[in-house]
Amino acid sequence: MRLARVVGQVVATAKVPELGGTTILVVEDIDSAPGAVPRQSYAAVDLVGAGQEEVVLVVSGSAARVDAATAGVPVDQAIVAIADTVITHGEVTYSK
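Just so we're clear, the structure is a prediction, and the values are computed from it rather than from any experiment. (Residues numbered from 1 in each chain as written. Predicted model: local features only at pLDDT ≥ 70, side-chain atom pairs only at ≥ 80, totals over all residues. Heavy atoms only, no water.)

Visitor: Could you clarify how one ought to interpret the pairing of strand β7 (residues 91–95) in this entry?
Guide: The side chains of a regular strand alternate, first on one face of the sheet and then on the other. Of the strand pairs in this sheet, strand β6 (residues 85–88) and β7 are connected by 4 bridges, and their pairing is antiparallel. Note that in β7 the partner of V86 across the bridge is Y94. Between the end of β6 and the start of β7, which pair antiparallel, lie 2 residues, with H89 showing a positive phi angle near 55°. (Pairing = 2+ DSSP bridges. Helix = DSSP H or I, 4+ residues; strand = E, 2+ residues; numbered from the N terminus.)

Visitor: Help me out: how do you make sense of unusual backbone geometry in this one?
Guide: Working note: non-glycine residues mostly have negative phi, and peptide bonds are mostly trans. Phi is positive for E53, which is not a glycine, with a value near 70°. In this structure, H89 takes a positive phi of about 55° despite not being glycine. Tracing the chain through its elements places H89 in the loop between β6 and β7. Accessibility expressed as a relative area gives 82% for H89, which makes it exposed. (Buried < 20%, exposed > 50% of the residue type's maximum accessible area, 1.4 Å probe, protein only.)

Visitor: Please clarify how the pairing of strand β2 (residues 23–29) should be interpreted in this entry.
Guide: For β2, the tally of buried residues reaches 5 of 7 residues, placing the bulk of the element in the interior. Bridge count between strand β1 (residues 2–10) and β2: 6 bridges; the pairing is antiparallel. Each residue of the ladder has a partner; that of R5, found in β2, is E28. Direction of pairing for β2 relative to strand β3 (residues 41–46): antiparallel, over a ladder of 6 bridges. When the bridges of β3 are listed, E28 appears paired with S41.

Visitor: Quick question: what am I supposed to make of the pattern of salt bridges here?
Guide: Pairing between side chains of opposite charge can happen when their charged atoms approach one another. Under the criterion given, the structure shown has 2 salt bridges. Where K96 meets E54, a salt bridge forms, and the shortest distance between an N and an O atom there is 2.7 Å. Pair noted here: K96 is in the segment after β7 and E54 is in the loop between β3 and β4 (55–60), with a separation of 42 residues, a long-range link. On the basis of relative accessibility, which here comes to 55%, the residue K96 falls in the exposed class. Of the residues examined, E54 reaches a relative accessible area of 14% and is grouped as buried. (Salt bridge = Lys/Arg side-chain N within 4 Å of Asp/Glu carboxyl O.)

The structure is reproduced here in C-alpha cells:
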C-alpha cells in the first residue's frame, strides 16, 4: 500500500465495458521526507468515494483486483481507503 493525495479525475467515455460505472482518479504518492519533490501522478480506480485533495491508500497489481468491484477488470491501481489521520514518527503529519 502507498499513501497518495487525490489531485484530479479522469473522464473516459470510451473504455472497456468492465470499467463501466467506475470512477478513475488521478493521485500522487506522498513522500514523508521534508522538502521532497512531488512524484509523478497516476490513475487509480476509486473503490471508496474519495474526493479532491484527500489522502488515500492505494494498492497495486493483483491486490487492486481483490475487491468484488475490480475482480476480472483490467485495473492495476485501486484506492481502498481514505485516511483520517497520518502519524509519522509520533507526529501527526495529516489530519482530515
